[in-house]
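Analysis of the macromolecular model
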Amino acid sequence: MKIRNIIIIMLCLLMTSCVSRVQVLESELKAQDYMDRAATLENEGAYHQAAQEYAMVAEHYPSTSYHKLAVWKAALLNIHPANPKINYAAALNWLQVYLKLPLSNAEKETATLYVSMVERINDLQAERSSMVEEKNKLLEITQKQSMDIESDIERGKELEAEKAHAWE
């Protein structure tokens, strides 16, 4: 009886182990499929779509061997100069996720450099937006003043005409 229970327990453990291995293998295969698709898109210059595919792997398959590379690629392709839909916020998010992964010193240094560059770009864009807004306000004031000056010149001409008429 005891041997029978032990055999049943062993079989249950063995089946559980097999199921989890199948699930891990299935996740690896799905992640590989996304990674292959992303690499193809990247090679074709479709950086925005490739970044989305890499992000899919990074979000949905964190336990796979592709996770670290997917996070890195999602970050880099979101700020790729040829990406028509550059997204600094997404890149910064993925870089911060990347920095939480186990990295070598060189990888950590590179990622930290990218983070500081993206943060600087965000600061410069905010500064630029502020300057554009200020410029637009100044243009608006200048246009109003120009209209006032033109109005004053017209009024001056009318007064000159009235004065000339009054002298006659």
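Residues numbered from 1 in each chain as written. Predicted model: local features only at pLDDT ≥ 70, side-chain atom pairs only at ≥ 80, totals over all residues. Heavy atoms only, no water.

Regarding the nonpolar core
Put simply, the test is: For the purposes of this section, nonpolar cores are sets of buried Ala, Val, Leu, Ile, Met, Phe, Trp, Tyr and Cys residues that join through side-chain atoms within 4.5 Å. Throughout, exposure labels follow a simple rule: accessible area from a 1.4 Å probe, protein chains only, divided by the maximum for the residue type, with under 20% read as buried, over 50% as exposed, and the rest as partly exposed. For the purposes of this entry, the term helix denotes a DSSP run of H or I that reaches at least four residues, the term strand denotes a run of E that reaches at least two, and both are numbered from the N terminus. By the convention used here, residues are in contact when the closest approach between their heavy atoms is within 4.5 Å.
Of all hydrophobic cores here, the largest spans 32 residues; its most connected members are Tyr54, Val57, Trp94 and Tyr98. When residues of this core are traced back to their parent elements, those giving at least two are α1 (2-43), α2 (47-60), α3 (67-78), α4 (88-99) and α5 (105-167). Examining the composition of this core, we find that seven residues originate from one element, α2, more than from any other. Non-local contacts of Val57, meaning those with residues more than four positions away in its chain, are made with Ala31, Tyr34, Met35, Pro62, Tyr66, His67 and Ala70.

A look at the packing of aromatic side chains
Counted only if it meets this: To pair, rings of Phe, Tyr and Trp, with the six-membered ring standing in for Trp, must have centres within 6.5 Å; the planes then decide the type, stacked if under 30 degrees apart, edge-to-face if over 60, and tilted in the middle.
One pass over the full model with this rule turns up three aromatic pairs. Here Tyr34 and Tyr61 contribute two aromatic rings whose centre-to-centre distance is 6.0 Å and whose plane-to-plane angle is 40°, an arrangement assigned as tilted. Here Tyr34 is found in helix α1, whereas its partner Tyr61 is found in the loop between α2 and α3, with 27 residues between them in sequence. Comparing Tyr34 with Tyr61, the two get one shared label, buried. Relative to Tyr114, the ring of Trp72 has its centre 5.5 Å away and its plane inclined at 85°; by these criteria the two rings are edge-to-face. In this pair, Trp72 is assigned in helix α3 and Tyr114 in helix α5, connecting sequence segments 42 residues apart. Feature note: the residues Trp72, Tyr98 and Tyr114 constitute an aromatic cluster, connected by ring pairs.

Re the packing of α2 against α3
The following threshold applies: A fitted line through C-alpha atoms serves as each axis, taken over the contacting stretch for helices, and the angle formed by two N-to-C directions is quoted from 0 to 180°. These descriptions rest on fixed angle ranges, namely under 35 degrees for roughly parallel, over 145 for roughly antiparallel, 65 to 115 for roughly perpendicular, and the rest for oblique. The sense of a crossing depends on the near helix, which, turned anticlockwise from the far helix by less than a right angle, makes the crossing left-handed and, turned clockwise, makes it right-handed. Residues are grouped as follows: Ala, Val, Leu, Ile, Met, Phe, Trp, Tyr, Cys and Pro are nonpolar; Asp, Glu, Lys and Arg are charged; all remaining types, including Gly, are polar.
Interaxial distance between α2 and α3 falls to 8 Å at its minimum, and their mutual angle equals 150°. In terms of their interaxial angle, α2 and α3 are classed as roughly antiparallel. In terms of crossing hand, the pair formed by α2 and α3 is left-handed. Here α2 contributes Tyr47, Ala50, Ala51, Tyr54, Ala55, Val57 and Ala58 to the contact with α3, which in turn contributes His67, Ala70, Val71, Lys73, Ala74, Leu77 and Asn78. Along the lines of polarity and charge, the residues of the contact of α2 with α3 split into 11 nonpolar, two polar and one charged.

Some thoughts on the side chain of Glu53
For Glu53, the location among the structural elements is in helix α2. Here Glu53 falls in the buried class, since its relative accessible area comes to 17%.

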